[in-house]
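# Tertiary structure, described
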Amino acid sequence: MPESRNLDNGQRLFSVKDLPSSISIEKAYKDDQGNVCVLFQPENHLSVFSQEWLRFNCYDLNNHFEDRSEKIKKLWQKNSFENGLPLIDYDSMTKDDTKLKALCSLRDIGFFVLTGVPTVKGQVLKVTSEMGYTRETNYGALFEVRTEVKPNNLAYTNLGLGSHTDNPYRDPVPTVQLLHCLESSTKGGDSILVDGFKAASILREESSENFPILTNNWINFRFSDDNTDLRSRVPMIELNDKNEIIKVRYNNRSIDTINLPKDKMRAFYKAYRHWSEIIERDELKVQFKLSEGDLMLFDNTRVMHARTEFSQTGKRHLQGAYMDLDGLYSLLNTLENKNND
Ligand code: NM2
Ligand code: OGA
Ligand code: ZN
């Protein structure tokens, strides 16, 4: 151990090429504490493994860490929230167990809503800093979602927005979005959330032909204005090495020209239309109105969001920001580790 890993941080000090290519075990035995000791030759190196570690890492079990896959998520639809949305009182977010509850909700169902967040401008950045780091983009560290004159994005109008994930034209995509409601006195302007993993799993169930068309054919998304030209080439439904869903992207406003070979075009549009028709099903849509002081935070690689059109009378003002899942899951893991110590 001491020569293999740094004692201060546990990081490995050697590379695989430093190991002899032909390696053998001279002997293996149990020590006084029940650890399994293995003496390797030709280096005469003694490795000590706990039985617990050996069991967990048994090749046949093929245990691997995975926090993005559909497999560890609780998929949902409209009627899953008959007993209410995952609401969390912002004041109690100073407590570790509330933070952990919120982050587990993000990991398992893909979102939570904080209530009682002070309706102070810039508060959304305070919330990000309490959990990690903001992901700054061309829209700023913070963006104002309200009606604008000459908007560079349809989000900045009073039009309804269909279900979408944000910024699919950016690679890597911001993986978390926050929307904080400062003012809400318009008619309409309801929020809608759809579980994109659920929608993708329905597509897979309904058509073994259409589903792989959207995972295998990568397409372009694009956003441009006077100062920006963002482009990506990505699949709408992304799978991991076990063919499990790990990411979805969907945004009719910013899908670019679909340039696929001619013989694939018809089938692609058929699959895209089917996916879009599933996303629009009422039974998938969770609809609610954000009140002043509510802040919703969601996994932008899984949960699609939409809003209904709103009246020109009254005011609707949200402030938004992006973050990333890696930092939030790291916080979740450290809080869970603390509980397990
Ligand atoms: N805004 C609100 O991804 C998108 O283009 C949706 C994003 C402009 C930051 C809107
Ligand atoms: C956005 C967006 C929804 C809303 O800003 O990305 O989709 O409720 N806004 O205004
Ligand atoms: Zn959006």
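Residues numbered from 1 in each chain as written. Chains lettered and ligands numbered in written order. Predicted model: local features only at pLDDT ≥ 70, side-chain atom pairs only at ≥ 80, totals over all residues. Heavy atoms only, no water.

### Regarding the nonpolar core
If you look at the biggest cluster of nonpolar residues, it comprises 55 residues, and the most contacted ones within it are Met236, Ile237, Phe268 and Trp275. Residue contributions to this core peak at six residues, all from helix H6 (residues 262–279). Among all residues touching Phe268, those that are not within four sequence positions of it are Ile213, Leu214, Asn217, Ile219, Met236, Ile258 and Leu260. (Core = buried A, V, L, I, M, F, W, Y, C linked by side-chain atoms within 4.5 Å. Buried < 20%, exposed > 50% of the residue type's maximum accessible area, 1.4 Å probe, protein only. Helix = DSSP H or I, 4+ residues; strand = E, 2+ residues; numbered from the N terminus. Contact = heavy atoms within 4.5 Å.)

### Things to note about the site of ligand 2
Close to ligand 2 lie Val145, Ala155, Leu161, His164, Asp166, Gln177, His305, Arg307, Arg316 and Leu318. His164 is positioned such that a nitrogen or oxygen atom in its side chain is 3.1 Å from an oxygen atom of ligand 2. Within the side chain of Asp166, an N or O atom sits 3.0 Å from an oxygen atom of ligand 2. When ligand 2 is considered free in solution it has 290 Å² of accessible area, and contact with the protein chains removes 96% of it. At the level of elements, strand S7 (161–164), strand S16 (303–307) and strand S17 (316–323) are the ones that each hand at least two residues to the shell around ligand 2. The residue inventory of the shell around ligand 2, partitioned by class, reads four nonpolar, three polar and three charged. (Near = heavy atom within 4 Å. Polar contact = N/O pair within 3.5 Å; in protein donor to acceptor, adjacent residues only side chain to side chain. Areas by Shrake-Rupley, 256 points an atom, 1.4 Å probe, with all protein chains shown as cover. Nonpolar A, V, L, I, M, F, W, Y, C, P; charged D, E, K, R; others polar.)

### Overview of the domain arrangement of the protein
Segmenting the protein into domains produces domain 1 (1–62) and domain 2 (70–340). Look at where the C-alpha atoms of domain 1 and domain 2 centre, and you get two points 43 Å apart. (Domains from an automatic or database assignment.)

### Details of the site of ligand 1
In the vicinity of ligand 1, the contacting residues are Tyr139, Phe143, Asn153, Ala155, Tyr156, Asp166, Asn167, Tyr169, Asn251, Arg253 and Tyr322. Here an oxygen atom of ligand 1 and a backbone polar atom of Asn167 are 2.7 Å apart. One of the side-chain nitrogen or oxygen atoms of Tyr169 is found 2.6 Å away from an oxygen atom of ligand 1. Bound to the protein, ligand 1 loses 96% of the 310 Å² it would expose on its own. Considered class by class, the residues forming the shell around ligand 1 number six nonpolar, three polar and two charged.

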